[in-house]
Amino acid sequence: MQDSVQNAKQAARGDAAAKDSPHAQPKLWTRDLVLIILVNLCVFTNHIMSLSTFPFYIQSLGGTEAVAGMCAAAFSLIAVVIRPFVGWWLDNGVRRAALVAGLLLMGLAPLGYILVPTLSVAIAFRMMHGVGLSFSNSTTATVASDVICRPRFAEGMGYFGMATALASAIAPALGLSLMEGLGFKALYAAAAIIAAVGLVLFSFIHAPKIDVPKKKLDLRTIINRDSLPATVTMLVFMFTFGALENFVAIFASENGLPSGSIYFLVMSAMLLLVRVTLGKLVDEKGEATFVYTCNGAMLVAFLLLAFVPNTVTYIISAMLAGYAFGGLEPSLQSMAVHTSTDQTRGSANSTFLCGYDIGYGLGGGVAGSLITGLGYSAMWSIVSLACVVSVLVYVLWARHSDTSFTKMLRERA
């Protein structure tokens, strides 16, 4: 494992040297990259439009915020259980079948919400949705990793992550508008159609064929140790995002604040701006700047919601949250994946996304319980402490790892 990291580091240094040469930089934008970004947009639009409205759907079936939080935890739990096996499958060269399976499940789950509108069945279909997301976004991230040139890897992953930004802007507003104007049936039918569009777009992608030796299924092949430092840093941070995405819309509606769709729109506009303008910084400066400033921004965003919730602070909170997630997620995902090879890229992505799911699910579950027991103000305050812990994990462990861009840049200097 260590040898593979060192080999990849040497390759990355060679690529960096090429980048500094007078020759033109390698081409970043290709047809396949554009298409996989669009497929990822469909995946996250389907996911987020369901996510931001699901607490309302649970309430319509007689559930509480605590039940909605349990659903978020169940959704993430099943994703975590499935994702390592998806990574192993991807490391064995499978790409197309994995994404087809994921998109089919992401289309079928919303149809289940429509056809069997009862609380227990809705939770079961929500878990199916989690399986579909595990297959889908693990594969889209791995295909993107396949087609992005190494010298511009973090920049390319930042652009790939723009699909998340656009989905975060479009999906909550679209989902809430459909829910309020036409009802849950129209909302979830639209989610199913979007998954189908993603499936059609994927059929036009001609990603490189990955020919690798078959790997046995064991713990070493499903968990990528090299990606763990970035993964754990992201896992802790995601407590905040799990709380935010599941409950900020209901918090706004109960406190006379602008619609949750406004929060998500502002947050996503900021997220998109960060990824367009600052995507090259990780390649050039390392991930440390984003870890410190993004956690700081999310901490302030939560404290504003906790202690001074008014229209102005609500919008400022959305901007800070957009900067936080927009900068931290692609920089840490790039850190987790950039030293991987064809034989480990799938497990590196799936391990990182497991951390994403665990943090998100636990954040949603803990937030729901805190709201029920202590109220929203206490919840925002307590969950904000995850930002402090995330920085501590990075300072004490992740920044010293062999996969850290920051460490590699220091060694090169």
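Now for a quick tour of the structure. Per chain, residue numbering runs from 1 following the sequence as it is written. The predicted origin of the model limits local features to residues at a pLDDT of at least 70 and limits the giving and counting of side-chain atom pairs to 80 or more, whereas totals for whole chains, interfaces and linings rest on all residues. The basis for every side-chain value is the complete set of non-hydrogen atoms in the structure, without hydrogens or water.

Brief notes about the overall build of the chain
Tallying secondary structure elements over the chain gives 18 helices and zero strands in all. Whether a residue is buried, partly exposed or exposed follows from its accessible area with a 1.4 Å probe, protein chains only, as a fraction of its type maximum: under 20%, in between, or over 50%, in that order. Per-residue burial for the chain yields a buried fraction of 59% across its 413 residues. Nonlocal contacts in the chain, meaning residues at least 24 apart in sequence, comprise 86% of its contacts between residues at least 6 apart. Working note: accessible area of the chain is about 15,200 Å², and carbon and sulfur atoms make up 70% of it. Each helix is a run of DSSP H or I of at least 4 residues and each strand a run of E of at least 2, with the numbering of both proceeding from the N terminus. The criterion used for residue contact is that any of the two residues' heavy atoms lie within 4.5 Å. Each accessible area is a Shrake-Rupley result for a 1.4 Å probe, and residues are judged covered by the shown protein chains and nothing else.

Regarding the side chain of Ser-384
Within the secondary structure, Ser-384 is located in the loop between helix 16 (376–383) and helix 17 (385–396). Residue classification places Ser-384 among the buried residues on the basis of a relative accessible area of 2%. Setting aside residues up to four positions removed in sequence, Ser-384 forms contacts with Leu-299, Phe-302 and Leu-303.

Focus: the pattern of salt bridges
The working definition used for a salt bridge is a side-chain nitrogen of Lys or Arg within 4 Å of a carboxyl oxygen of Asp or Glu. The final tally for this structure, using the stated rule, is one salt bridge. With a closest N to O distance of 4.0 Å, Arg-31 and Asp-32 form a salt bridge.

Some words on the environment of Leu-409
With respect to the helices and strands, the residue Leu-409 is situated in helix 18 (residues 405–412). You can call Leu-409 buried: its relative accessible area is 18%. Once the C-alpha coordinates of Leu-409 and Glu-284 are considered, the two residues, 125 residues apart in sequence, prove to be 8.0 Å apart.

Focus on the nonpolar core
One finds Ile-36, Met-234, Leu-244, Tyr-263, Met-298, Met-379 and Trp-380 to be the most contacted residues of the largest nonpolar core, which totals 110 residues. It is helix 2 (residues 31–60) that provides the largest number of residues to this core, a total of 15 residues. Beyond its immediate chain neighbours, meaning those up to four positions away, Met-234 contacts Phe-325, Leu-328, Glu-329, Leu-332, Phe-352 and Tyr-356. Among buried residues, the Ala, Val, Leu, Ile, Met, Phe, Trp, Tyr and Cys ones that are joined through side-chain atoms within 4.5 Å form a nonpolar core. Ranked by size, the runner-up nonpolar core spans six residues in total, among them Ile-78, Val-86, Val-131 and Phe-135.

Remarks on the environment of Gly-286
Structurally, Gly-286 is set in the loop between helix 12 (281–285) and helix 13 (288–307). For Gly-286 and Leu-409, which are 123 residues apart along the polypeptide, the C-alpha to C-alpha distance reads 7.0 Å. Apart from the residues within four sequence positions on either side, Gly-286 is in contact with Leu-281, Phe-405, Thr-406 and Leu-409.

Considering the packing of helix 4 (residues 96–115) against helix 5 (residues 119–147)
The axes used here are C-alpha line fits, helices contributing only the stretch in contact, and every angle between their N-to-C directions lies in the interval 0 to 180 degrees. Packing of helix 4 against helix 5 leaves a shortest axis separation of 7 Å and a crossing angle of 155°. As the angle between them shows, helix 4 and helix 5 are arranged roughly antiparallel. Seen from above, helix 4 lies across helix 5 with left-handed handedness. Together, Ala-98, Leu-99, Ala-101, Gly-102, Leu-103, Leu-105, Met-106, Leu-108, Ala-109, Pro-110, Gly-112 and Tyr-113 of helix 4 and Ala-122, Phe-125, Arg-126, Met-128, His-129, Val-131, Gly-132, Leu-133, Phe-135, Ser-136, Thr-139 and Thr-140 of helix 5 make up the contact between the two elements. In this classification, Asp, Glu, Lys and Arg are treated as charged, Ala, Val, Leu, Ile, Met, Phe, Trp, Tyr, Cys and Pro as nonpolar, and every other residue, Gly included, as polar. Looking at side-chain class alone, the contact of helix 4 with helix 5 contains 16 nonpolar, seven polar and one charged residues. Relative orientations are named as follows: roughly parallel for angles under 35 degrees, roughly antiparallel for angles over 145 degrees, roughly perpendicular for angles from 65 to 115 degrees, and oblique for any other angle. Handedness of a helix crossing follows the sense of rotation of the near helix relative to the far helix, less than a right angle counterclockwise being left-handed and clockwise being right-handed.

Description of the environment of Tyr-360
Of note, Tyr-360 is situated in helix 15 (residues 345–374). Under the relative-accessibility criterion, Tyr-360 is labelled buried at 4%. With 114 residues separating them in the primary sequence, Tyr-360 and Asn-246 have C-alpha atoms 9.5 Å apart. Filtering out sequence-adjacent residues up to four positions away, Tyr-360 remains in contact with Leu-51, Ser-76, Met-238, Phe-241, Gly-242, Glu-245 and Asn-246.

Topic: helix 10 (residues 228–254)
By definition here, a helix of n residues has an expected span of 1.5 Å times n minus one. For helix 10, with 27 residues, the first-to-last C-alpha span of 39 Å sits near the 39 Å given by 1.5 Å per residue. Bending is quantified residue by residue as the angle between axes fitted to the seven-residue window ending at that residue and the seven-residue window starting at it. The largest bend in helix 10 comes to about 50°, at Phe-247. Most of helix 10 sits out of view: 22 of its 27 residues are buried.

Observations regarding the packing of aromatic side chains
Think of a pair of aromatic rings as described by two things: how far the centres are apart, and how the planes are tilted against each other in angle. Any two rings among Phe, Tyr and Trp, with Trp reduced to its six-membered ring, count as a pair given centres within 6.5 Å; such a pair is stacked if its planes are under 30 degrees apart, edge-to-face if over 60, and tilted if neither. Following the criterion strictly, the structure yields 17 aromatic pairs and no others. The interplanar angle of 65° and the centroid separation of 6.1 Å between the aromatic rings of Phe-325 and Tyr-356 together place this pair among those described as edge-to-face. Taken together, the residues Phe-325 in helix 14 (residues 311–337) and Tyr-356 in helix 15 connect sequence positions 31 residues apart. On the accessibility criterion, Phe-325 (1% relative accessible area) is buried. By relative accessible area, Tyr-356 is classed as buried at 11%. Ring pairs connect the aromatic residues Phe-54, Tyr-57, Tyr-113, Phe-184 and Tyr-188, which therefore count as one cluster. Whether a charge lies above a ring is judged from NZ of Lys or CZ of Arg, which has to be within 6 Å of the ring centre and within 35 degrees of the ring normal. Positioned above the aromatic ring of Phe-54, the side-chain terminus of Arg-126 is 4.7 Å from the ring centre.

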